[in-house]
Amino acid sequence: MRIVMLGPPGAGKGTYASRLTKRLGIPHISTGDMVREEIKKQTDLGKKIKEYSDRGALVPDEIIIKLLAERIRKPDCSGGFILDGFPRTIRQAEALENIAKIDLVINLNVPDEIIITRLSNRLICRECGAIYNLLTLKPKKDRICDKCGGTLYQREDDKPEVIKERLNIYRRQTEPLIEYYTKKGLLRNISCNDLMTPPEVMVEKIIEIIEEKKESS
Ligand SMILES: [Zn+2]
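Predicted model only: the values in this text are computed from it and were never measured.

There is a patch of like negative charges on the surface, built from Glu208, Glu211, Glu212 and Glu215. On the secondary structure map, Glu215 appears in helix H8 (residues 199-216). For Glu215, a relative accessible area of 67% corresponds to the exposed category.

Shown next, in the form of structure tokens:
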């Protein structure tokens, strides 16, 4: 099954997608990770992408679509995939349709207060990139990574003022997309209204939706 995960930054898309991957045996494709990987590998495309990001410009849709088309042609995607971070606009959704038929769109609804509380408590290891949370996943020692002993810090993006702005942008951008997929009959909503809901519980709910969809198609 080809699944798109929609949801605001901090809704847990990445966490759920990586768990779903293990359960369903289909890959998690994060366009953000793909772009970073391409820059790291210093491919021609990667160099082009870096030019855009160095200028603070958005990477053009055509480049992302090209990367994505290559990615989903790989054999591990033959049984489907979970796409996270794309599409964000109707134009992108239309471009996606040209390279893959999407079966299901899961829309994570999480109230802003929960996201702000969750993200403003997030810490990241400077050395290995491990993610901690002062509410749900505390490091054993204050501001020190359990895995590598590196220092933990808060990303600029995770400060409350910045999060509020990111959420506003997200809502403005994706509202039309939600309508677009609803009209196509592909969208299923799932809500998380409690900050302390463990990821496993959310993953079970998502799996139920996927099973229902499988039975109905
Ligand atoms: Zn670390």
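Back to the write-up after that little detour.
Taken together, the three strands give an open sheet; going across it, the order is S6-S5-S7, and neighbouring strands pair in antiparallel fashion. The open sheet has two edge strands with one neighbour each: strand S6 (131-133) and strand S7 (152-153). Pairing of strand S5 (residues 122-125) with S7, which is carried by two bridges, proceeds in the antiparallel orientation. Bridged to Cys125 within S7 is Leu152.

With parallel pairing, five strands are arranged side by side in an open sheet as S2-S3-S1-S4-S8. Each edge of the open sheet carries a strand with a single partner, namely strand S2 (28-30) and strand S8 (187-191). Taking each pair of neighbouring strands and ignoring which way they run, the sheet shows an average axis angle of 25 degrees. Against the sheet, helix H1 (residues 13-24) touches strand S1 (2-6), S2, strand S3 (81-84) and strand S4 (104-109), its axis set at about 175 degrees to S3.

Attention now moves to the pattern of salt bridges. Two side chains that carry opposite charge are able to pair once their charged atoms sit near each other. Applying the stated criterion across every chain, the model contains 17 salt bridges. Across the salt bridge formed by Lys184 and Glu97, the nearest N and O atoms sit 3.5 Å from each other. Of this pair, Lys184 sits in the loop between helix H7 (160-183) and S8 while Glu97 sits in helix H5 (residues 90-99), placing them 87 residues apart in sequence. Of the residues examined, Lys184 reaches a relative accessible area of 41% and is grouped as partly exposed. The exposure class assigned to Glu97 is partly exposed, which follows from its relative accessible area of 38%. Between Lys101 and Asp103 there is a salt bridge, with the nearest N and O atoms lying 2.9 Å from each other.

Once that is clear, we can look at the side chain of Asn107. Considering the arrangement of structural elements, one finds Asn107 in strand S4. A distance of 2.8 Å separates polar atoms of two side chains, one belonging to Asn107 and the other to Asn189. Beyond its immediate stretch of four places on either side in the chain, Asn107 contacts Leu6, Gly7, Tyr170, Ile178, Leu187, Arg188, Asn189 and Ile190.

Moving on: the coordination of the zinc ion. Taken together, Cys125 (SG), Cys128 (SG), Cys145 (SG) and Cys148 (SG) make up the full set of protein donors to the zinc ion, lying 2.3 to 2.4 Å away. Each of the four donor atoms bound to the zinc ion contributes to angles spanning 99 to 114 degrees, and the resulting shape is tetrahedral. Between the donor residues of the zinc ion, the gaps in sequence give the motif C-x2-C-x16-C-x2-C. Of this pair, Cys128 sits in the loop between S5 and S6 while Cys145 sits in the loop between S6 and S7; the two residues are 17 residues apart in sequence, bridging distant segments of the chain. Exposure remark for Cys145: the relative accessible area of 4% places this residue in the buried category.

Parameters at a glance
Residues numbered from 1 in each chain as written. Predicted model: local features only at pLDDT ≥ 70, side-chain atom pairs only at ≥ 80, totals over all residues. Heavy atoms only, no water. Patch = residues over 30% accessible without salt bridge, like charges linked within 9 Å, V, L, I, M, F, W, Y side chains within 5 Å. Areas by Shrake-Rupley, 256 points an atom, 1.4 Å probe, with all protein chains shown as cover. Salt bridge = Lys/Arg side-chain N within 4 Å of Asp/Glu carboxyl O. Lys, Arg positive; Asp, Glu negative; His and termini not counted. Charge placed at Lys NZ, Arg CZ, Asp CG, Glu CD. Helix = DSSP H or I, 4+ residues; strand = E, 2+ residues; numbered from the N terminus. Buried < 20%, exposed > 50% of the residue type's maximum accessible area, 1.4 Å probe, protein only. Pairing = 2+ DSSP bridges. Axes fitted to C-alpha atoms, helices over the stretch in contact; angles between N-to-C directions. Contact = heavy atoms within 4.5 Å. Polar contact = N/O pair within 3.5 Å; in protein donor to acceptor, adjacent residues only side chain to side chain. Donors = N, O, S within 2.8 Å, 3.2 Å for Na, K, Ca; no water. Tetrahedral: all angles 85-135°; square planar, octahedral: opposite > 155°, others 65-115°.

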